[in-house]
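# Commentary on secondary and tertiary structure
What follows is the residue order along each chain.
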Amino acid sequence: MFDLTVLGEWLEFAIRWLHVVTAIAWIGSSFYFIALDLGLQRAPGMPEGAHGEEWQVHGGGFYHIQKYLVAPERLPEHLTWFKWESYFTWMSGFALLAVVYYHGASLFLVDPSVADIPAWGAILISLGSLGFGWLAYDLICKSKFGDDNTRLMILLYVLLVCMAWGYTQVFSGRAALLHLGAFTATIMSANVFMIIIPNQKIVVADLKAGRTPDPKYGKIAKQRSTHNNYLTLPVIFLMLSNHYPLAFATEYNWLIASLVFLMGVTIRHYFNTMHARKGQPNWTWAVTAVIFLIIAWLSTAPMFRTDPPDEVLLQGGAAKFAQAEGFQQVSDIVMGRCSMCHAAEPGYEGILWAPRGVRLDTPGHIARQAKDIYLQAGITHAMPPANVSFMEPEERARIIAWYRAANGS
């Protein structure tokens, strides 16, 4: 008989794997083409309409690449489109958001100490914010305000800071930073789906019909591609942040997220300048290091907000685990074997904060973490690490029996 919880965990793993693989493909091609574009040079004997060329060596061979700002005089029969990497990255990311944060909303999305809202309300806010992000961004870019790239980037940064603060007022710290990453990634993928690829298709259609393509479509696509280039590194940071409580579980988590976007700009500025053969602005690394140190300093602020009482934690999905047969025994086991690390003030030497922000020092926290306790200390022996607290096989069996009793299996 299949264990649905175990199958669900493997489903999450599979989606996460797909998300990482497609993200690598998208980010890799994006960074490559930005570097290629910046490194293009004029050379004698180039075809009419060619903007620049680049010679590259890789894999034992040489590549001669030429770029046309509008289009070549003759369109080749075969064109390679770079779009599916972006589409599948977003779709797999959204699937992961649904499986982890929507399905487990009471544990990962909603934090009663932040905003005591129902799970369905939090999910609607999540979905609405992603749609709002693209609509607001696209309208700003298409407005007269978007004609000045510097002014545009400043306004977009202000929008991201506002969203960072707003998310922390609604969701748990972990979900807030991840949603800021999803908000930004949605803009990036929509740029490809709604602007870059459609503009390129317009140019291709004009060429096939014998019309001269309008260069404005390439200019617009270039602007959106540049935005994606500067947003990529912050998105990666935000997606990884859910594993690090020092990033998401502090009073200034929204400010940390805001500073991460500035680090993305300084790092990309270094590489973009270098690829354009305009020198090596090493000062950007010093600025990045200073911003990172400020982030580390901000992370030492007190963990934000006081914990809600157990009667609040035991509401929703956690209630059935607290009421299931064997809960008292499991609570004693977990507090004896796990709470020396997973506590507000860990007692285990070298552990300063509860790993991944997971607290297991009250019945309410234990009930809310039922699934992870079952998987990591019952089905598998991942916890405690190296069994440092000597959890007995009989105790693991009690955890399994309790969890299955709560689920009626």
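Residues numbered from 1 in each chain as written. Predicted model: local features only at pLDDT ≥ 70, side-chain atom pairs only at ≥ 80, totals over all residues. Heavy atoms only, no water.

We now examine the overall build of the chain. Helix and strand counts for the chain stand at 16 helices and two strands. Dimensions of the chain, computed from C-alpha atoms along their principal axes, come out at roughly 80 × 50 × 45 Å. Here the chain, with 409 residues, has 46% of them falling under the buried criterion. With an accessible surface of roughly 21900 Å², the chain has 66% of that area assigned to carbon and sulfur atoms. One finds the centroid of the 29 positive side-chain charges in the chain at a distance of 10 Å from the centroid of its 30 negative side-chain charges. (Helix = DSSP H or I, 4+ residues; strand = E, 2+ residues; numbered from the N terminus. Buried < 20%, exposed > 50% of the residue type's maximum accessible area, 1.4 Å probe, protein only. Areas by Shrake-Rupley, 256 points an atom, 1.4 Å probe, with all protein chains shown as cover. Lys, Arg positive; Asp, Glu negative; His and termini not counted. Charge placed at Lys NZ, Arg CZ, Asp CG, Glu CD.)

Locating Ala-43 in the fold gives a position in the loop between helix 1 (4-39) and strand 1 (50-58). Distance in space between the C-alpha atoms of Ala-43 and Met-383 is 62 Å, their sequence separation being 340 residues.

Our next topic: the packing of aromatic side chains. Scanning all chains against the criterion turns up 19 aromatic pairs. Plain terms: the ring middles of Trp-90 and Phe-94 are 5.3 Å apart, the flat faces sit at 10° to each other, and that makes the pair stacked. Taken together, the residues Trp-90 and Phe-94, both in helix 2 (residues 84-102) and four residues apart, mark about one turn of the helix. Each member of the aromatic cluster is reached from another via a ring pair, and the members are Phe-321, Phe-327, Tyr-374, Trp-402 and Tyr-403. Between Lys-83 and the ring centre of Trp-81, over which it is positioned, the NZ or CZ distance is 5.7 Å. (Phe/Tyr/Trp six-rings, centres within 6.5 Å; stacked < 30°, edge-to-face > 60°. Lys NZ or Arg CZ within 6 Å of the ring centre and 35° of its normal.)

Within the element layout of this structure, Ser-409 appears in the segment after helix 16 (393-406). Note on Ser-409: relative accessible area 62%, which makes it exposed. Each C-alpha atom of the pair Ser-409 and Asp-3 lies 9.0 Å from the other, and the pair is 406 residues apart in sequence.

What follows covers the environment of Gly-39. Within the fold, Gly-39 resides in helix 1. A sequence separation of 344 residues divides Gly-39 from Met-383, and the C-alpha atoms of the two residues are 50 Å apart. Once residues lying within four places of it in the same chain are set aside, the contact partners of Gly-39 are Glu-53, Glu-54, His-275 and Arg-277. (Contact = heavy atoms within 4.5 Å.)

Relative to strand 2 (residues 61-68), strand 1 runs antiparallel, the two being bridged by eight bridges. Looking at strand 2, one finds that Glu-54 is bridged to Ile-65. Between strand 1 and strand 2, which pair antiparallel and follow one another directly, the connecting turn spans two residues, one of which, Gly-59, has a positive phi of 60°. (Pairing = 2+ DSSP bridges.)

Look at the UniProt record and you will see "domain: Cytochrome c" (unreviewed entry) annotated at residues 312-407. The distance from the first to the last C-alpha atom of residues 312-407 is 21 Å, and the span holds 51% helix and 0% strand. (UniProt positions renumbered as here; feature names shortened; annotations may be inferred.)

On to the nonpolar core. Membership of the largest hydrophobic core comes to 52 residues, with the highest contact counts inside it found for Tyr-101, Leu-109, Tyr-167, Phe-171, Leu-180 and Phe-183. A per-element tally of this core places helix 6 (residues 173-208) first, with 15 residues. Setting aside its immediate chain neighbours within four residues, Phe-183 contacts Ser-129, Leu-130, Phe-132, Gly-133, Leu-160, Met-163 and Tyr-167. (Core = buried A, V, L, I, M, F, W, Y, C linked by side-chain atoms within 4.5 Å.)

Attention shifts here to the side chain of Asp-37. Structurally, the position occupied by Asp-37 is in helix 1. When near neighbours in sequence (up to four residues on either side) are disregarded, Asp-37 contacts Lys-67 and Lys-222.

A word on the domain arrangement of the chain. What the domain assignment lists for the chain is domain 1 (107-299) and domain 2 (312-407). Taken together, the contacts link nine residues of domain 1 with eight residues of domain 2. With both sides pooled, the region where domain 1 packs onto domain 2 buries about 770 Å², and carbon together with sulfur makes up 55% of that total. Three residues stand out in domain 1 for area buried against domain 2, namely Leu-107, Pro-112 and Pro-245, and they jointly supply 51% of the buried area on that side. Applying the counting rule to domain 1 against domain 2 returns zero salt bridges. Inspection of the domain 1/domain 2 interface yields zero residue pairs in polar contact (both at pLDDT 80 or more). Taken together, the elements giving at least two residues each to the side of domain 1 that touches domain 2 come down to helix 3 (105-109) and helix 8 (245-248). In terms of residues, the side of domain 1 that touches domain 2 owes the most to one element, helix 8, which gives three residues. Classifying every residue of the side of domain 1 that touches domain 2 by side-chain character gives seven nonpolar, one polar and one charged. (Domains from an automatic or database assignment. Buried area = accessible area lost by both parts, 1.4 Å probe. Salt bridge = Lys/Arg side-chain N within 4 Å of Asp/Glu carboxyl O. Polar contact = N/O pair within 3.5 Å; in protein donor to acceptor, adjacent residues only side chain to side chain. Nonpolar A, V, L, I, M, F, W, Y, C, P; charged D, E, K, R; others polar.)

All right, on to the side chain of Arg-174 then. Along the chain, Arg-174 falls in helix 6. Among buried charged residues, Arg-174 stands out as having no salt bridge; its nearest opposite-charge side chain is Asp-372, 7.5 Å away. Excluding anything up to four places from it in sequence, Arg-174 contacts Tyr-101, Phe-108, Asn-242, Phe-248 and Arg-356.

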